[in-house]
Amino acid sequence: MANILVVDDEHGIRELLSEILNDEGHTVELAENAAQARAARLRERPDLVLLDIWMPDTDGVTLLKEWASTGALTMPVIMMSGHATIDTAVEATKIGALAFLEKPVTLQKLLKAVEQGLTRGAVRKPAPSPVEYSALPEPIAVDSLSVVSLVETGPQAHQDFELDKPLREARDEFEKAYFEYHLVKENGSMTRVAERTGLERTHLYRKLKQLGVDLSRGKRNNG
């Protein structure tokens, strides 16, 4: 997964984008102005930057131009704004921005832009030298029976339920198994589970808590 820098002076937007990207397994660094963005750019070496245009100290286009002129624009940058004109978006693209997202940013457009940005960033990175390839460990052989047993221990798409019980109990039992299945299937991403099940994220969180579903189940192992 990637290290993503989110630069926006609005606290709510920073937190929302951070939550969504964390759900996707990314590491997120937050900055509320250009000064913090410069420091984070040097400290974290992000794989991608989501950069707001209108900020109190230095606007995003000026910061983008600064990075481009100093050779610091080594990562894909996606601009964001709720008030920018077409001319501003075109200018940012000419300077070196990969894409422009209009606020309020929709989930689908955000994830698509991030995926494209990270793909573009990966293309820019030089390929490992032959020495680095030779240093790679040998592939680990995995016993096929072990794989089958691991799969079978997780929630299954088809399950049997005891119907000789009160409706409420039977329904809760089904819903818990249903959400546990999708949590594992989507690697613990609440964003994708919400999309898959057709529920708002807030409603989904309340539902899972009510059913006693373990929210850590299915989370990616980022270690």
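Reading guide: rules and limits
Residues numbered from 1 in each chain as written. Predicted model: local features only at pLDDT ≥ 70, side-chain atom pairs only at ≥ 80, totals over all residues. Heavy atoms only, no water. Helix = DSSP H or I, 4+ residues; strand = E, 2+ residues; numbered from the N terminus. Buried < 20%, exposed > 50% of the residue type's maximum accessible area, 1.4 Å probe, protein only. Arc of directions from axis to C-beta. Polar contact = N/O pair within 3.5 Å; in protein donor to acceptor, adjacent residues only side chain to side chain. Pairing = 2+ DSSP bridges. Axes fitted to C-alpha atoms, helices over the stretch in contact; angles between N-to-C directions. Parallel < 35°, antiparallel > 145°, perpendicular 65-115°, else oblique. Left-handed = near helix turned anticlockwise from the far one by under 90°. Contact = heavy atoms within 4.5 Å. Nonpolar A, V, L, I, M, F, W, Y, C, P; charged D, E, K, R; others polar. pLDDT = per-residue confidence, 0-100. Phe/Tyr/Trp six-rings, centres within 6.5 Å; stacked < 30°, edge-to-face > 60°.

## Re the overall build of the chain
Part 1 of the argument: From N to C terminus, the chain includes 10 helices and five strands.
Part 2 of the argument: The burial tally for the chain puts 36% of its 223 residues in the buried class.

## Considerations on unusual backbone geometry
If a residue is not glycine, its phi is most likely negative; likewise, a peptide bond is most likely trans.
Part 1 of the argument: The peptide bond linking Lys103 to Pro104 adopts the cis configuration, its omega dihedral lying at -5 degrees.
Part 2 of the argument: Within the secondary structure, Pro104 sits in the loop between β5 (99–102) and α5 (107–124).

## Some points on helix α2 (residues 34–44)
Part 1 of the argument: Every buried residue of α2 is listed here: Ala34, Ala37, Ala40 and Arg41. Buried residues of α2, seen end-on, are gathered within an arc of 120 degrees and therefore sit on one face of the element.
Part 2 of the argument: One side-chain oxygen of the residue at the start of α2 lies 3.3 Å from the amide nitrogen of Ala35, identifying that residue as Asn33.
Part 3 of the argument: Positive backbone phi, approximately 50 degrees, marks Arg45, located one or two places after α2.

## So, the sheet that holds strand β1 (residues 3–7)
Strands belonging to one sheet form pairs held by backbone hydrogen bonds; the direction of such a pair is parallel or antiparallel.
Part 1 of the argument: Here we have five strands laid out as an open sheet, ordered β2-β1-β3-β4-β5, and parallel in their pairing. If you trace the sheet from one side to the other, it starts and ends with β2 (27–31) and β5, each paired once. The mean inter-strand angle of the sheet, taken between neighbouring strand axes irrespective of direction, is 20 degrees.
Part 2 of the argument: Of the pairings in the sheet, the one linking β1 to β2 comprises five bridges and is parallel in character. Residue pairing in the sheet places Val7 in a bridge with Ala31 of β2.

## Remarks on the packing of helix α8 (residues 167–185) against helix α10 (residues 201–211)
Part 1 of the argument: Taken N-terminus to C-terminus, the directions of α8 and α10 make an angle of 120 degrees; their axes are 10 Å apart at the nearest point. By the criterion of interaxial angle, the relationship of α8 to α10 is oblique. The two elements α8 and α10 cross, and the hand of that crossing is left-handed. Across from Asp172, Glu175, Lys176, Phe179 and Leu183 in α8, the residues of α10 making contact are Leu204, Lys207, Leu208 and Leu211.
Part 2 of the argument: Class assignment of the residues belonging to the contact of α8 with α10 gives a composition of five nonpolar, no polar and four charged.

## Things to note about the confidence of the model for the chain
Part 1 of the argument: For the chain, the average pLDDT comes to 79, and 78% of its residues sit at 70 or higher.
Part 2 of the argument: Note on residues 126–154: pLDDT is under 50 here. Beyond four places in sequence and across chains, it has three contacts.

## A word on the packing of aromatic side chains
Part 1 of the argument: A complete count under the given rule lists two aromatic pairs for this structure.
Part 2 of the argument: Put simply, the rings of Phe174, Tyr178 and Phe179 pair up and form one aromatic cluster.

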